4 protein chains.
Amino acid sequence: MPKDTAILDAALDLFETLSYGSTPVPLVAERAGVGAGTIYRYFPGKEGVVNALYQRWKQALAAAVVDGLDRSQPAALIFEGIWRRLCGFATANPAAFAFLETHHHGPYLDAGSRGIATDLDRSMAGLLAEWQRAGSVRAGDPQLLVAQVYGGLVGVTRAYRDRGTELPPDLADQTIEGAWNLLASPSNRRRS
Amino acid sequence: MPKDTAILDAALDLFETLSYGSTPVPLVAERAGVGAGTIYRYFPGKEGVVNALYQRWKQALAAAVVDGLDRSQPAALIFEGIWRRLCGFATANPAAFAFLETHHHGPYLDAGSRGIATDLDRSMAGLLAEWQRAGSVRAGDPQLLVAQVYGGLVGVTRAYRDRGTELPPDLADQTIEGAWNLLASPSNRRRS
Amino acid sequence: MPKDTAILDAALDLFETLSYGSTPVPLVAERAGVGAGTIYRYFPGKEGVVNALYQRWKQALAAAVVDGLDRSQPAALIFEGIWRRLCGFATANPAAFAFLETHHHGPYLDAGSRGIATDLDRSMAGLLAEWQRAGSVRAGDPQLLVAQVYGGLVGVTRAYRDRGTELPPDLADQTIEGAWNLLASPSNRRRS
Amino acid sequence: MPKDTAILDAALDLFETLSYGSTPVPLVAERAGVGAGTIYRYFPGKEGVVNALYQRWKQALAAAVVDGLDRSQPAALIFEGIWRRLCGFATANPAAFAFLETHHHGPYLDAGSRGIATDLDRSMAGLLAEWQRAGSVRAGDPQLLVAQVYGGLVGVTRAYRDRGTELPPDLADQTIEGAWNLLASPSNRRRS
DNA sequence: GATGAATGAGTTTTCATTCAT
DNA sequence: TATGAATGAAAACTCATTCAT
């Protein structure tokens, strides 16, 4: 494994377990199997590590959600596709998904990291706005709807984490109905 | 203002702005208008401050949600009452509401703090379970439903925060329909 | 002794013995009889210490040279007065005098420190320019003459230092003739 | 250019700009156009580099001063020859000349380097002692006289450096009168 | 009780040096 | 022989906590 990847993986684990503030850099190094100084060859400093980590996973999340989406389908089906990808991503990378939420407001995140986060939100809001015009999604500020439905998924993953349980493979099945009904206009709601 | 309150208020502000890890205790003291040593007369240490802060606000939130709830009404109305109280609390105490979420997983929280958090979740889940038995809420693990709907509110408050906008007075109106439809069984859904 | 003075005195000793670059801050603290952290209460950092030290002694030197100078006397006598003050300062504070020279070009000196150094040079050059107009000092760029004659004193103090000998009380007597003849116009030279 | 010369040249530049203490070895290597490890093939370490540098230039200075000196001339003329050589050396190698002064007291200089420095001083002092016996130079400790007159030259080169100006080609003309008058016995002084 | 100057343990970071290639 | 990535020892600096006033 390349050293920068090893460092980011170690940092992800430790930042989630101990929090960013109380993870000493040498501990990240040890966990990554490299010398403490090596971290500074790959990243400009501790903040550089969090930001690289945040951007890496936020981009991975964005890619996972958007890649290969068939936009010709009805809204409910496209949404289901997105939701399944989101849940799949969270299940496959629970620590990374949690990390993205926990550190969303970290004062150590730089403009680049914040920018990536905003981009994803905006493109989702754009999709919702289309569906609102088509009548399949109810009225309301699309960015807030995205925030509410996405926040719901975050809440569920947190609940599993609080319980000490892994995210289940059928996470999407458990949550899709609530998620879609939160958004859908009356005639487009799910019945089962 | 009593000194312990002044200290907690200052800590709330600073922990939200700078994060717990990078807020020096002397800065909290300065902001609170007391000497650095004084903090140690009222709290056992920095961790004591976060925990007191967390418990204070989590209890305030629980009280705000539950107090004076009329349980004889139909589920949809009770839920609306709870939701309005929740939104009212978040609007009135946005920093505290954000703090509770941001620090939910802090490794510095002690058993007492975690316990309070769990209690509130559980009592909400109990209510939902009742409503499931009565047919007004759809099937599913009640704790996860609570987590999903509550996570939605957290998501919306974050979105406002990201925008740099205050939470609006009609926050509940904006979000209640989505929130209830996320939970409700088909025949109990809101139409507008 | 006030702590900041103790710190500066310890720093002076150590910077002269070990050089600025190889003096660890904790060693300065130990020598000053304070904790390592205390240095950062009084100075913004290691560079803050050198700069404070430089400014303190450069100002002391300027004061020692200029204070109570009787400008109504003939040039040769005024110069002798200045020279005796300079030599007296160097003899009384040999480490400080050496420090000022050794660190004159240190890249860690800030604008404030450089400014003080320049001020003293300029006021001496102004005096020389007067004497040139009066015919008692030979022609030439006054700033360079100041640099040459002052450099001579620095050279002599270095020579004593290299020998491991203290500066002698009659340093001025040993050097005044050469110093003045370096500057004087032919008819004003010293004969003994 | 041979690699060891490239390394020494790079080191000279950097040590003068950044000081010895804050010049990283890898930066010297980069500037010299070699790999960091290569420096350790030519020198035993960073201290080895400064010492080689010091000795190289101190020897070059000694050679420049002494080579081809016609000792049969009168003292004033021999001195003028030496002074012109000194000034020529400083003008041709200003960084090296400054380096020799700046690092004169560096605690990283070894016995070899200090020895070379002392040798040059002593041979100059010997010359002065001869001239004292012949009556052309005034009385006084010859080593101190050497130190004073040489210090004057150092002071002047510093002054140019402080101004950000290159040393002028007529440096010797500007300074020879002062230098010789500092040393000369009354009847041997220069008149213009 | 209240203070805040002082501390030193624990951070982040740098960089001379090594050694596998 | 030359390299430069990797290292870890040592540096600068921060800050939770104490305690004399």
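Residues numbered from 1 in each chain as written. Chains lettered and ligands numbered in written order. Predicted model: local features only at pLDDT ≥ 70, side-chain atom pairs only at ≥ 80, totals over all residues. Heavy atoms only, no water.

Trainee: It is not clear to me how the interface of chain B and chain A should be interpreted in this structure. Could you clarify?
Mentor: Note on interface size: it is often stated as the accessible area lost on association of the parts. Listed by partner, the interface residues are 35 residues for chain B and 36 residues for chain A. Of the roughly 3,100 Å² buried between chain B and chain A on both sides combined, carbon and sulfur atoms contribute 51%. For the chain B face of the interface with chain A, the top three residues by lost area are B:Leu144, B:Gln148 and B:Arg158, together amounting to 20%. Between A:Arg158 and B:Glu101 there is a salt bridge; the shortest N-O distance is 2.6 Å. Taken together, the links from chain B to chain A amount to 8 residue pairs in polar contact (both at pLDDT 80 or more). Going through the elements one at a time, α1 (3–18), α8 (142–163) and α9 (171–183) of chain B are the ones with two or more residues in the side of chain B that touches chain A. Residues belonging to the side of chain B that touches chain A are distributed by class as follows: 11 nonpolar, 13 polar and 11 charged. (Contact = heavy atoms within 4.5 Å. Buried area = accessible area lost by both parts, 1.4 Å probe. Salt bridge = Lys/Arg side-chain N within 4 Å of Asp/Glu carboxyl O. Polar contact = N/O pair within 3.5 Å; in protein donor to acceptor, adjacent residues only side chain to side chain. Helix = DSSP H or I, 4+ residues; strand = E, 2+ residues; numbered from the N terminus. Nonpolar A, V, L, I, M, F, W, Y, C, P; charged D, E, K, R; others polar.)

Trainee: Explain the protein's contact with DNA strand E to me, please; I cannot follow it from the model alone.
Mentor: Every one of the 30 residues lining DNA strand E counts as a neighbour, but A:Lys46, B:Thr38, C:Thr38, C:Tyr42 and D:Val25 are closest to it. Within 4 Å of the protein, atoms of DNA strand E come from sugar and phosphate in 64% of cases. The separation between a phosphate oxygen of DNA strand E and a polar main-chain atom of A:Thr23 is 3.4 Å. Within the backbone of B:Gly35, one N or O atom sits 3.1 Å away from a phosphate oxygen of DNA strand E. Those elements that place two or more of their residues in the surface near DNA strand E are α2 (25–32) and α3 (36–42) of chain A, α3 (36–42) of chain B, α3 (36–42) of chain C together with α2 (25–32) of chain D. Broken down by element, the surface near DNA strand E gets its largest block of residues, 5 residues, from α3(B). Looking at side-chain class alone, the surface near DNA strand E contains 13 nonpolar, 11 polar and 6 charged residues. (Near = heavy atom within 4 Å.)

Trainee: Looking at this model, I keep getting lost on the domain arrangement of chain A. Mind explaining?
Mentor: Residues and elements named next belong to chain A. For chain A, the assigned domains are domain 1 (1–43) and domain 2 (50–188). Taken over both partners, the interface formed by domain 1 and domain 2 buries close to 940 Å², and the fraction arising from carbon and sulfur atoms is 70%. Contact with domain 2 buries surface across domain 1, with Leu 12, Glu 16 and Tyr 20 losing the most and accounting together for 60% of the total. Put simply, domain 1 and domain 2 have 2 salt bridges between them. Across the pair Asp 9 and Arg 56 runs a salt bridge whose closest N-O atoms are separated by 3.2 Å. The interface formed by domain 1 and domain 2 holds 2 residue pairs in polar contact (both at pLDDT 80 or more) in total. In terms of residue class, the side of domain 1 that touches domain 2 is built from 6 nonpolar, 1 polar and 2 charged. (Domains from an automatic or database assignment.)

Trainee: What am I meant to see in the protein's contact with DNA strand F here?
Mentor: Taken together, 30 residues lie around DNA strand F, and A:Thr38, A:Arg41, A:Tyr42, B:Val25 and D:Thr38 are the ones closest in. The contact in question runs from a phosphate oxygen of DNA strand F to an N or O atom on the side chain of A:Arg41, over 2.8 Å. Between DNA strand F and A:Tyr42, the relevant distance is 2.4 Å, taken from a phosphate oxygen to a side-chain nitrogen or oxygen of the residue. If you list the elements that add at least two residues to the surface near DNA strand F, you get α3 of chain A, α2 (25–32) of chain B, α2 (25–32) and α3 of chain C together with α3 (36–42) of chain D. No other element matches α3(D), which puts 5 residues into the surface near DNA strand F.

Trainee: Mind showing me how you'd approach the relation of the copies chain D and chain C here?
Mentor: Copy one and copy two of the chain differ by a rotation about a common axis and a shift along it. Here chain D sits on chain C after a turn of 180° about the axis and a move of 0.1 Å along it, with an RMSD of 0.1 Å. Both copies are brought into coincidence by an operation consistent with a two-fold rotation axis. Comparing interface residues between copies, 100% of those in chain D also lie at the interface in chain C; the contact surface is shared. (Least-squares fit on C-alpha atoms with pLDDT ≥ 70 in both.)

Trainee: Sorry if this is basic, but what is going on with the packing of helix α5 (residues 75–92) of chain D against helix α9 (residues 171–183) of chain D here?
Mentor: To characterise two packed helices, one gives the angle between the axes of the helices and the distance between these axes. All names here are of chain D. Remark: α5 packs on α9, axes separated minimally by 10 Å, with the N-to-C direction vectors making an angle of 135°. For the element pair α5 / α9, the angle class is oblique. Our pair here, α5 against α9, has a crossing hand that is right-handed. In this structure, α5 uses Ala 75, Ala 76, Phe 79, Glu 80, Trp 83, Arg 84, Cys 87 and Thr 91 to contact α9, whose residues at the interface are Leu 171, Ala 172, Asp 173, Thr 175, Ile 176, Ala 179, Trp 180 and Leu 183. Its residues assigned to classes, the contact of α5 with α9 comprises 11 nonpolar, 2 polar and 3 charged. (Axes fitted to C-alpha atoms, helices over the stretch in contact; angles between N-to-C directions. Parallel < 35°, antiparallel > 145°, perpendicular 65-115°, else oblique. Left-handed = near helix turned anticlockwise from the far one by under 90°.)

Trainee: Whenever I open this one, the arrangement of the chains confuses me. Can you help?
Mentor: The closest approach of any C-alpha atom in chain A to one in chain C is 20 Å; the two make no contact. Left apart from each other, chain B and chain C have a closest C-alpha approach of 13 Å.

Trainee: For this particular structure, what's the right way to read unusual backbone geometry?
Mentor: Most of the time, phi is negative for any residue but glycine, and the peptide bond is trans. In this structure, A:Ser19 takes a positive phi of about 80° despite not being glycine. Its location among the elements puts A:Ser19 in the loop between α1 (3–18) and α2.

Trainee: I keep staring at the environment of B:Leu12 and nothing clicks. Help me out?
Mentor: Residues and elements named next belong to chain B. On the secondary structure map, Leu 12 appears in helix α1. Overall, the relative accessible area of 8% leaves Leu 12 in the buried class. Along the backbone, Leu 12 and Phe 99 are 87 residues apart, and their C-alpha atoms lie at a distance of 7.2 Å. Apart from the residues within four sequence positions on either side, Leu 12 is in contact with Leu 53, Trp 57, Ala 95, Ala 96 and Phe 99. (Buried < 20%, exposed > 50% of the residue type's maximum accessible area, 1.4 Å probe, protein only.)

Trainee: What is the right way to look at α9(B) in this model?
Mentor: In an α-helix, one turn spans 3.6 residues; hence positions three or four apart end up facing the same way. Compared with the 18 Å implied by 1.5 Å per residue over 13 residues, the 18 Å span of α9(B) between its first and last C-alpha is a close match. In terms of burial, α9(B) is a largely internal element, 11 of the 13 residues being buried. For α9(B), the set of buried residues is B:Leu171, B:Ala172, B:Thr175, B:Ile176, B:Glu177, B:Gly178, B:Ala179, B:Trp180, B:Asn181, B:Leu182 and B:Leu183. Where α9(B) is buried, its residues meet α8 (142–163) and α9 (171–183) of chain A together with α5 (75–92), α7 (111–133) and α8 of chain B. (Expected span 1.5 Å × (residues − 1).)

Trainee: Help me out: how do you make sense of the pattern of salt bridges in this one?
Mentor: Pairing between side chains of opposite charge can happen when their charged atoms approach one another. Within the structure shown, the criterion is met by 28 salt bridges over all chains. The salt bridge partner of A:Arg163 is B:Asp141, with a shortest N-O separation of 2.7 Å. In this pair, A:Arg163 sits in helix α8 while B:Asp141 sits in the loop between α7 and α8, so the two residues belong to two different chains. Linking D:Glu80 and D:Arg84 is a salt bridge whose minimum nitrogen-to-oxygen distance equals 3.0 Å. Here the residue D:Glu80 and the residue D:Arg84 both occupy positions in helix α5, the gap between them amounting to 4 residues, near one helical turn. Judged by its relative accessible area of 34%, D:Arg84 is partly exposed.

Trainee: I tried to follow helix α4 (residues 46–66) of chain B on my own but got confused; where do I start?
Mentor: Residues and elements named next belong to chain B. Its 21 residues place the ends of α4 30 Å apart at the C-alpha level, agreeing with the 30 Å of an ideal helix rising 1.5 Å per residue. Along α4, the residues that are buried comprise Gly 48, Val 49, Val 50, Asn 51, Leu 53, Tyr 54, Trp 57, Lys 58, Leu 61 and Val 65. Check the buried side of α4 and you find it contacts α1, α3, α5, α6 (94–102), α7 and α8.

Trainee: Would you take a moment to explain the interface of chain D and chain C for this structure?
Mentor: On the side of chain C, 36 residues touch chain D, which itself brings 35 residues to the contact. Taken as a group, D:Leu144, D:Gln148 and D:Arg158 account for 20% of the area that chain D buries against chain C, more than any other trio of residues on that side. Across the chain D-chain C interface, the total number found is 4 salt bridges. Inspection of the chain D/chain C interface yields 8 residue pairs in polar contact (both at pLDDT 80 or more). The set of elements that each furnish at least two residues to the side of chain D that touches chain C consists of α1 (3–18), α8 (142–163) and α9 of chain D. At 14 residues, α8(D) tops the list of elements feeding residues into the side of chain D that touches chain C.

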